[in-house]
Amino acid sequence: MAECEVAKEVINKRFRKDDAPGEMKPWEQHSAVISIPRYDYKAPASFLDRSFSGFLITCPIKREKSATKEAMSILNKYLGSINTCGSEQEEDPQNVVTKRRKVVNETEKECTNDIENKILDENTDANTERSDHLSLIKLTRSGLLLLTFSHDNCPDVVAILSNIMQSLESSSLKAPLWCNRILPIQMTCVLHEKELCILVSKLVADFMNNEGKDLNRPIKFAVGYNRRGIEETELKGGNGMLDRSKCFEVVAGAVKSIVSDSVVDLKCPELTVLVELLPISGLPKGSPVGAVSVLPRKLIMAKPRLCIKALVHDVKSKD
C-alpha cells in the first residue's frame, strides 16, 4: 500500500493542472510514461541492399529523445489508413492499457488502474504514439532523427508532410516543441553515380505524371545537397562516391533526361530534388547512403538557402 501511495504521489506531481504542457523535465519525458522505439541495429546493412522510405527530422542537440516521442505522435496521427496496423491503433485506449496491466491482487490492480487512468486523462493519444511500421535508425550525428518504414509499407511520405504543414498553418495541429523540420524520404540509395541517376529519374517521372501536367513550361527545378556536417574526407575509400559538384551534375542530368524543357531556377523552383547524405551508424566505409526526394514548391523555401520548410516560423535555416 505504501508503494501504491508513493506511485500516486509521483503521478499527481507530474500531471499537476497548473503545469504547462511543455514543462516536463527531460528525464520525466523519458520515463515509463513515454514510450519511444528502440534503435533498429539490423537496419544499416539493409540500406546497401534496398531502398527505404521514411522521414529525416532535425531537432535541437541533446533533445533527440524528446523529439522522437513528439515525431512519433505527430506522424501517427497522419498515417491514417496507410498504416496497416490501423485496426490495432483504433482500439479504445483503456483496452490497450489493460492488456499491459500486471494484476497481482485486487489492491495492486486498483492502484495500477488509478495511475494509468491519470496518464490517459492527460494524453488521450497514448495509443497512437507507437507504430510497428516505423523503425528508429541510429545516426552518428546529433540533432537528427531517422525513421524508416518497413519494406511492405511504403506510404506517400510527401502527402503526409503536406497534411502536417496544412494542419500547422490552420492551427488544427499544435506547433511542435522539439521537431524543427521533417524531410520526407521517398527513396534511398548508395551515393554512386549510376544508382543516384536511376533513382532521381524514377522519382522525377513519378512527379511529372502526378503534378507536372499543371506546371508552366519550361519546368523550373533546383537541386539541394546536404551532408549534415559530414566532411568528404570522412567518406574517402569508396569507389565512385559522389562529391557535391558531381552530385549536382548527376541529378541535373537525370532531371533533364525526363523533362527536356527544364531549366535551373534556385529562386522559385516548381520541382526540387533534395539529396541528403544520411550519417547512419554501422555502415561500412566507402558506402555512403543518401535520401532522395522530389518535392513541390509548397514544401520548399529558397531563402536564405534551399531547404525544406520549417515546422515553426522561428527556426533558423541552418537546421
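The rules behind these values
Residues numbered from 1 in each chain as written. Predicted model: local features only at pLDDT ≥ 70, side-chain atom pairs only at ≥ 80, totals over all residues. Heavy atoms only, no water. Disulfide = S-S within 2.5 Å. Axes fitted to C-alpha atoms, helices over the stretch in contact; angles between N-to-C directions. Helix = DSSP H or I, 4+ residues; strand = E, 2+ residues; numbered from the N terminus. Parallel < 35°, antiparallel > 145°, perpendicular 65-115°, else oblique. Left-handed = near helix turned anticlockwise from the far one by under 90°. Contact = heavy atoms within 4.5 Å. Pairing = 2+ DSSP bridges. Expected span 1.5 Å × (residues − 1).

J.: What is the right way to read the state of the cysteines from this model?
T.: Two cysteines, two sulfur atoms, one covalent bond between them: this is a disulfide. Enumeration over the complete set of coordinates arrives at 0 disulfides. Sulfur of Cys 247: no disulfide; nearest cysteine sulfur belongs to Cys 189 and is 9.1 Å away.

J.: I'm lost on the packing of helix H9 (residues 193-210) against helix H10 (residues 244-258) in this one. Help?
T.: The description of two helices packed together rests on the angle between their axes and the distance between the axes. Taken N-terminus to C-terminus, the directions of H9 and H10 make an angle of 40 degrees; their axes are 8 Å apart at the nearest point. Classified by the interaxial angle, the pair formed by H9 and H10 is oblique. Helix-helix and strand crossings are classified by hand; for H9 and H10 the assignment is right-handed. Residue-level inspection shows Glu 193, Leu 196, Cys 197, Val 200, Ser 201, Val 204 and Ala 205 of H9 in contact with H10, the latter providing Lys 246, Cys 247, Val 250, Val 251, Ala 254, Val 255, Ser 257 and Ile 258.

J.: I would appreciate a short explanation of the sheet that holds strand S8 (residues 271-278) in the present structure.
T.: Two pairing modes exist for strands in a sheet, parallel and antiparallel, and in both the strands are linked by backbone hydrogen bonds. Judged by pairing direction, the sheet is mixed, and its 5 strands sit side by side in the order S5-S9-S8-S6-S7 without closing on themselves. Only two strands of the sheet have a single neighbouring strand rather than two, namely strand S5 (187-190) and strand S7 (262-264). The sheet shows a mean angle of 30 degrees between the axes of neighbouring strands, taken without regard to direction. Across 4 bridges, the pairing between S5 and strand S9 (residues 289-296) is antiparallel. Note on S9: the bridge partner recorded for Met 187 is Val 292. With respect to the sheet, H9 is in contact with S5, strand S6 (219-226), S8 and S9, its orientation differing from that of S9 by roughly 20 degrees.

J.: Explain H10 here, please?
T.: Every α-helical turn comprises 3.6 residues, leaving residues that sit three or four positions apart pointing alike. Taking 1.5 Å per residue, 15 residues should reach 21 Å; H10 reaches 22 Å between its end C-alpha atoms and fits that length. Those residues of H10 hidden inside the fold are in contact with H9, S6, S7 and S8.

J.: Would you explain the environment of Phe 55 in this entry?
T.: Along the chain, Phe 55 falls in strand S1 (residues 54-58). Placed 90 residues apart in sequence, Phe 55 and Leu 145 show a C-alpha to C-alpha distance of 8.0 Å. In this structure, Phe 55 is in contact with Leu 75, Leu 145, Leu 146, Leu 147, Phe 149, Val 157, Ile 160, Ile 182, Leu 183, Pro 184 and Ile 185, ignoring residues within four places of it in sequence.

J.: Can you help me understand the side chain of Ser 287 in this one?
T.: In this fold, Ser 287 is placed in the loop between S8 and S9. Setting aside chain neighbours within four positions, we find Ser 287 in contact with Leu 48 and Val 190.

J.: What is the right way to read unusual backbone geometry from this model?
T.: Negative phi is the rule for most residues except glycine; trans is the rule for most peptide bonds. A cis amide bond links Arg 217 with the next residue in sequence, Pro 218, at an omega value of -5 degrees. Its place among the elements puts Pro 218 in the loop between H9 and S6. Going from Lys 303 to Pro 304, the amide bond is cis rather than trans, its omega being 0 degrees. Positionally, Pro 304 belongs in the loop between strand S10 (300-301) and strand S11 (307-308). Phi at Lys 62 is positive, roughly 70 degrees, even though this residue is not glycine. Take Lys 62: it is sitting in the loop between S1 and helix H4 (64-79).

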